[in-house]
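# Architecture and fold: a report
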Amino acid sequence: MSEDKNFTKLINPAVTTAVLNRFDFHFQKRYGQNFLIDSHVLDKIISAADITKEDFVLEIGPGIGTMTQFLSEAALKVMAVEIDKNLIPVLDHTLEAYENVQVVNEDILKMDLKEVSKNEADGKKIKVVANLPYYITTPIIMELLESKVPVSSITVMIQKEVADRMQAKPKTKDYGALSLAVQYYSKPKVVACVPPNCFIPRPGVSSEVITLEVYDEPVIKVKDEKLMFRIIRAAFNQRRKTLVNALSNSSELNVSKDHVKAALVKLSMDERVRGEALSPEEFALLSDAISEMNL
Ligand code: SAM
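Residues numbered from 1 in each chain as written. Predicted model: local features only at pLDDT ≥ 70, side-chain atom pairs only at ≥ 80, totals over all residues. Heavy atoms only, no water.

### Looking at the site of the ligand
The environment of the ligand is formed by 22 residues, the closest being Gly61, Glu82, Asp107, Asn131 and Tyr135. Contact between the ligand and glycine 61: a nitrogen atom at 2.8 Å from a main-chain N or O atom of the residue. Residue isoleucine 108 places a main-chain N or O atom 3.0 Å away from a nitrogen atom belonging to the ligand. Within the complex, the protein chains bury 99% of what would otherwise be the 600 Å² of accessible surface of the ligand. Residue composition of the shell around the ligand, grouped by class: 11 nonpolar, six polar and five charged. (Near = heavy atom within 4 Å. Polar contact = N/O pair within 3.5 Å; in protein donor to acceptor, adjacent residues only side chain to side chain. Areas by Shrake-Rupley, 256 points an atom, 1.4 Å probe, with all protein chains shown as cover. Nonpolar A, V, L, I, M, F, W, Y, C, P; charged D, E, K, R; others polar.)

Structure below.
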């Protein structure tokens, strides 16, 4: 790293504004561009992600490279994937002195992350860190968890409402398919609440930083993971209906009301129960009971 790296050290809001002006950068709403300007928040993100000089970090959406500079100093290698081509010359400038950073001009949703892990991370488990553009939060988190890309943790800034859904417990309004997927594959923990004034431009919502510590093997055992998630989707697509009605109505499942009733009886559950009352463990038991029917 060169000696003049402090010249472009970005977290100072005045330097951030100067860089944006120098490159005549215009924010694009469609890419969810809200850049961090608070060093305390960045410190919390880096410490929650627990990055060491052994780690390969994937940063989604580096923006002008503020967090990337911090990540570069903490990690062995950083791959920063940015969709906006107008930010690439900015990143070339702000990350010039940071030799362990590779900037890729791509849509993260179109990348083969298994290939990234194989070719760039030398087979190591990836740590994902991002101030996520809010419009891709659910698809990218689901892709990272479900496609079984080797990831050890995901530390992301997201909308507070989405963080609430990820951690929600049964019988609450926030509990749903996202809570179940996140809690099946990982252990979620909110590490910081971040108000709108920590960004430019200010977003219209509050944000939280959440760490998902991804399990090597899911703690909950289920015979047919895909079936369990089809059941979960069906249960929450019609969340005000009883499980018997919601599952038997679903085109994704081939079960009758009698099948669902028989499975619930086997598990000593009330026939009128709704999906929102079942814990992740109970969804796994229900899935096993339905899968044993060999429908
Ligand atoms: N990391 C920077 C920071 O904290 O200041 C910027 C965060 S900003 C909330 C989100 C960034 O993700 C923007 O730079 C945006 O252009 C980029 N982005 C949006 N959609 C993306 C996608 N599909 N793939 C990769 N980057 C994307």
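### Quick look at the pairing of strand β9 (residues 207-214)
Within β9, seven of the eight residues are buried, which leaves the element mostly enclosed by the surrounding structure. For strand β6 (residues 151-159) and β9, the ladder comprises seven bridges, and the chain directions are antiparallel. What sits directly across from methionine 157, in β9, is valine 209. (Buried < 20%, exposed > 50% of the residue type's maximum accessible area, 1.4 Å probe, protein only. Helix = DSSP H or I, 4+ residues; strand = E, 2+ residues; numbered from the N terminus. Pairing = 2+ DSSP bridges.)

### A few points about helix α1 (residues 13-22)
Every buried residue of α1 is accounted for by Thr16, Val19 and Leu20. The buried residues of α1 all sit within an arc of 100 degrees when viewed along its axis, so they share a single face. Exposed residues lying more than 90 degrees from the buried face of α1 are Ala14, Asn21 and Arg22. On its buried face, α1 sits against β1 (35-36), α4 (88-94) and β8 (199-200). One or two steps after α1, the chain reaches aspartate 24, where phi turns positive at roughly 50 degrees. (Arc of directions from axis to C-beta. Contact = heavy atoms within 4.5 Å.)

### Comments concerning the side chain of serine 250
Along the chain, serine 250 turns up in the loop between α10 (243-249) and α11 (257-266). Separated by 3.0 Å, the side chain of serine 250 and the backbone nitrogen of glutamate 252 make a polar contact.

### Topic: the packing of helix α7 (residues 160-167) against helix α8 (residues 177-185)
Packing of α7 against α8 brings their axes to within 6 Å, and their N-to-C directions diverge by 65 degrees. The crossing of α7 and α8 is right-handed. For the pair formed by α7 and α8, the contact residues are Val162, Arg165, Met166 and Gln167 on the first element and Leu178, Ser179, Val182 and Gln183 on the second. Here the contact of α7 with α8 is composed, by residue class, of four nonpolar, three polar and one charged. (Axes fitted to C-alpha atoms, helices over the stretch in contact; angles between N-to-C directions. Left-handed = near helix turned anticlockwise from the far one by under 90°.)

### A word on the packing of aromatic side chains
Evaluated as defined, the whole model comprises eight aromatic pairs. Taking 5.5 Å as the distance between ring centres and 75 degrees as the angle between the ring planes, the aromatic pair formed by tyrosine 184 and phenylalanine 229 counts as edge-to-face. Taken together, the residues span a long stretch of sequence, with tyrosine 184 in helix α8 and phenylalanine 229 in helix α9 (residues 225-237) at a distance of 45 residues. For the pair tyrosine 184 and phenylalanine 229, a shared accessibility class is recorded, and that class is buried. (Phe/Tyr/Trp six-rings, centres within 6.5 Å; stacked < 30°, edge-to-face > 60°.)

It is worth stressing that arrangement in space is one thing and function is another; only the former is reported here.
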